[in-house]
Structure formats: C-alpha cells, structure tokens
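Residue strings, one per chain:
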Amino acid sequence: TLLSAYLLNKIMYSKMTLYEIITAKFIKNYTIEVVFNNQKKGCIDLQKYLNKGIFKELLDKEKFRRFKVDQELGTIVWANGADIAPETLYEEIIKK
C-alpha cells in the first residue's frame, strides 16, 4: 500500500548516513579537495559537471575558484547558485 511504502522509505532514510562537507580547498584547474563530517577526505575533479546549465558559467576558472562551503547545505556552493549534492561528491571519493 501507499502507506507502507511511505513508512518503509521513512525508515530507510532515517538509517542513511548523511554526509556533509566540512572543509574544501581549491587544488588546481577544476579539482577541489573536500573533507566530510566522517573525516573522509579526497580530491575531486569537477570538470565533468560543468558542461550544462548553471554550471557552464563555472568553466571560467576564476569563477570556479570562488566556491565556499555552505554549512546549512553541507556542500560546496558558488555565487551563481550552483551546488553539487554532498552525496554525489562522497560517491566520487569512495569509488576511487
């Protein structure tokens, strides 16, 4: 039923670990080093994310370098409103 699917989803979500970026620093080109709230750390080349929409603007390396960590969102953000889900970035690190 719809209710059981809802409850199952709620239970599964509550058991998921929520990863948040606590620090990030520019390395070179489109590579950023991030540290997550579980202390997992790694470098991610984000160039593949910059080919469409709001992200195209970030192909300008000066604009790309001006990211910051948004503590509320738990991820990196740019002045133009672009951000990448922390779960996506975490997957990039653990698949290496």
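Structure: see above.
Keep in mind the model is a prediction, meaning the values are calculated, not measured.

**Q** Can you break down the overall build of the chain residue by residue, with the values?
**A** For the chain, the helix and strand inventory stands at three helices and five strands. Along its sequence from the N terminus, the chain presents helices and strands in the succession α-β-β-β-α-β-β-α. The buried share of the chain, taken over its 96 residues, is 29%. Put simply, 43% of the contacts in the chain that link residues at least 6 apart link residues at least 24 apart. Of the accessible surface of the chain, which amounts to about 6,600 Å², a share of 55% is contributed by carbon and sulfur atoms.

**Q** Lay out helix α3 (residues 86-94) in plain terms, naming residues and giving numbers.
**A** Buried within α3 are the following residues: Pro86, Leu89, Tyr90, Glu92 and Ile93. Buried positions in α3, seen along its axis, are confined to an arc of 155° and lie on one side of it. Residues of α3 that are buried make contact with β1 (21-28), β2 (31-36), β3 (41-45) and β5 (75-77).

**Q** Explain the packing of aromatic side chains residue by residue, including any values.
**A** Considering all chains together, one arrives at six aromatic pairs under this definition. For the pair Tyr30 and Phe64, a centre-to-centre distance of 5.2 Å together with 80° between the ring planes defines the contact as edge-to-face. Of the two residues, Tyr30 is situated in the loop between β1 and β2 and Phe64 in helix α2 (residues 61-64); the sequence distance between them amounts to 34 residues. Residue classification places Phe64 among the buried residues on the basis of a relative accessible area of 0%. Summarising the aromatic geometry, the rings of Phe67 and Trp78 are spaced 6.3 Å apart at their centres and angled 65° between planes, so their arrangement reads as edge-to-face. With Phe67 in the loop between α2 and β4 (68-70) and Trp78 in the loop between β5 and α3, this residue pair connects regions lying 11 residues apart in the sequence. Of the two residues, Phe67 and Trp78, both sit in the buried class. Chaining the aromatic ring pairs together yields one cluster made of Tyr30, Phe64, Phe67 and Trp78.

Definitions and cut-offs
- Per-chain numbering applies: the sequence of each chain, read as written, is numbered from 1 onward.
- Reporting of local features is limited, given that this is a predicted model, to residues whose pLDDT is at least 70; pairs of side-chain atoms are given and counted only at 80 or more, and all residues count toward the totals for whole chains, interfaces and linings.
- To get the side-chain values, take all heavy atoms of the structure and skip hydrogens and water.
- Helix and strand assignments come from DSSP, with helices taken as H or I runs of at least 4 residues and strands as E runs of at least 2, each series counted from the N terminus.
- Three exposure classes are used, based on accessible area relative to the maximum for each residue type with a 1.4 Å probe and protein chains only: buried under 20%, partly exposed in between, and exposed over 50%.
- Whether two residues are in contact is decided by their heavy atoms, any of which lying within 4.5 Å being enough.
- Only the protein chains shown count as cover for residues, and all accessible areas are computed by the Shrake-Rupley method using a 1.4 Å probe.
- The directions considered for the arc are those from the helix axis to the C-beta atoms.
- Two rings from Phe, Tyr or Trp (for Trp, the six-membered ring) form a pair when their centres sit within 6.5 Å of each other. Planes less than 30 degrees apart are called stacked, planes more than 60 degrees apart edge-to-face, and all others tilted.

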